[in-house]
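Survey of secondary and tertiary structure
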Amino acid sequence: MKKFFIILVALLVIGYLIFSAIYFNDSSRDVVCNKFEVVVKDSLHTRFIHQKDIEDLLKRKKVYPVGKTMDEINTLEILDTILTNRLVKSAEVFTAQNGTIIANIYQREPVLRVISDIKGSFYIDDNRERMPVSPNFTVYVPLATGAIDEEFAQNELYDFAAFLNENPEWSAWIDQVVVKPNKDVDLIPRAGDFRIAFGKLDNYPEKFARFALFIEKGLNVVGWNRYSEISLKYDNQVVCTKK
């Protein structure tokens, strides 16, 4: 008898849970979405994406959820639409209590800013892919200008920017990388009224070691305004052009 009573109670509980799940699931479909919230999860240092940008995008594509019932809302379609924004790296879209739809967004991470005579202005991200600039925010990363095609930006310039990011003592020195049509580069330093003729983007540690020695033994002795150009293009030597 006791065993029968236990089984009966268990069946009643299971039945209630099934009924509740069906009932509340059906009733939740009639709930109207009254709020759409965008959470930019990695916005501590960069803020390319704002709530209004995503709202405007969803409204243009006619998938903005506010005012629709949950039964009418397709969160997967909202997610796919958000991912068409080329500043978005990844996203998550889900429903919350009280008729709220939440979109968690992760931004793409730029490592290099390019202002090209050929391709215009863009960033290269940490996957070596081109990403657009944003009217909302400018991030501090190495800047390259001049005769730059996309392939050069994604390879040689990306590698050089990664080197600078890993060596902040030199990153703090370099204000701009100027690329010539033959793919030689000049570096514009933050200090001193001269250019550094770096040549091809190779042998960074050796070239910067020569430049550091020249600063110590040369510029700090004769002064920082004596030369218009300091060339590191040639092995084992520093060649200077007087003003």
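Refer to the preceding data block for the structure.
All values reported here derive from a predicted model rather than from experimental measurement. The written sequence of each chain sets the order in which its residues are numbered from 1. Under the rules for a predicted model, residues below a pLDDT of 70 receive no local features and side-chain atom pairs below 80 are neither given nor counted, while totals for whole chains, interfaces and linings still include all residues. As a convention, hydrogens and water are excluded, and side-chain values are obtained from all of the structure's heavy atoms.

**Concerning the overall build of the protein**
- Secondary structure elements follow DSSP: runs of H or I of four or more residues count as helices, runs of E of two or more count as strands, with numbering from the N terminus. Helices and strands together make up the secondary structure of the protein, namely six helices and twelve strands.
- Classification of residues uses two cut-offs on accessible area relative to the type maximum, computed with a 1.4 Å probe and protein chains only: under 20% is buried, over 50% is exposed, and between them is partly exposed. Taking all 243 residues of the protein together, the buried fraction comes to 39%.
- Between two residues, a contact is recorded if the distance between any of their heavy atoms is within 4.5 Å. For the protein, restricting intrachain contacts to residue pairs at least 6 apart in sequence, the fraction spanning at least 24 positions comes to 53%.
- For the area figures, the Shrake-Rupley method with a 1.4 Å probe applies, and any residue is considered shielded solely by the protein chains shown. Only carbon and sulfur atoms are counted for the fraction: they give 54% of the accessible area of the protein, which is about 14100 Å².

**Notes on the sheet that holds strand E1 (residues 35-40)**
- With respect to topology, three strands assemble into an open sheet ordered E1-E3-E2, the strand pairing being mixed. Only two strands of the sheet have a single neighbouring strand rather than two, namely E1 and strand E2 (88-96). Geometrically, the sheet is characterised by an average inter-axis angle of 20° between neighbouring strands, direction not taken into account.
- Strands are labelled as partners when DSSP assigns at least two bridges between them. Relative to strand E3 (residues 100-107), E1 runs parallel, the two being bridged by six bridges. Within E3, the residue paired with Lys35 across the bridge is Thr100.
- Packing against the sheet, helix H2 (residues 51-60) makes contact with E1 and E3, and its axis sits at approximately 130° to E1.
- Sheet strands in contact with helix H3 (residues 75-82) are E2 and E3, and its direction is about 155° off that of E2. Convention adopted: a line fitted to C-alpha atoms gives each axis, helices being fitted over their contacting stretch, and angles between N-to-C directions are expressed from 0 to 180 degrees.

**Topic: the packing of aromatic side chains**
- Only Phe, Tyr and Trp rings are paired, with Trp represented by its six-membered ring, and only when their centres lie within 6.5 Å; those with planes under 30 degrees apart are stacked, over 60 edge-to-face, the remainder tilted. Per the stated rule, a full pass over the model turns up 14 aromatic pairs.
- Ring geometry for Phe160 against Phe208: centres 6.4 Å apart, planes inclined by 10°, an arrangement best described as stacked. Note that Phe160 is positioned in helix H4 (residues 150-166) and Phe208 in helix H6 (residues 204-222), a separation of 48 residues in sequence.
- For Phe160, a relative accessible area of 1% corresponds to the buried category.

**Considering H4**
- Here the expected length of a helix is defined as 1.5 Å per residue gap, with one fewer gap than residues. Here H4 is 17 residues long and its end C-alpha atoms lie 23 Å apart, about the 24 Å a rise of 1.5 Å per residue gives.
- Throughout, bend refers to the angle between the axes fitted to the seven residues that end at a position and the seven residues that start at it. Remark: the principal bend of H4, roughly 40°, maps to Leu157.
- The complete set of buried residues in H4 reads Phe152, Ala153, Leu157, Tyr158, Phe160, Ala161, Phe163 and Leu164.
- Where H4 begins, the capping side chain belongs to Asp149, and its oxygen is found 3.3 Å from the backbone nitrogen of Glu151. We call two N or O atoms a polar contact when they sit within 3.5 Å, provided that within protein one can donate a hydrogen and the other can accept it, with sequence-adjacent residues counted only if both atoms are side-chain atoms.

**Details of the pairing of strand E9 (residues 185-189)**
- Within E9, five of the five residues are buried, leaving the element largely enclosed by the surrounding structure.
- Along E9, one buried face is formed by Val185, Leu187 and Pro189 and the opposite face, lined by Asp186 and Ile188, is buried too.
- With five bridges connecting them, strand E8 (residues 174-179) and E9 associate as antiparallel partners. The partner of Val178 across the bridge, within E9, is Asp186.
- Following E8, the chain reverses through five residues before pairing antiparallel with E9; Lys183 in that reversal takes a positive phi of roughly 75°.
- In the sheet, E9 pairs with strand E10 (residues 195-199) via three bridges, with the strands oriented antiparallel. Across the sheet, residue Asp186 finds its bridge partner in E10, namely Ala197.
- As consecutive antiparallel partners, E9 and E10 are separated by five residues, and within that stretch Gly192 has a phi angle of approximately 95°, a positive value.

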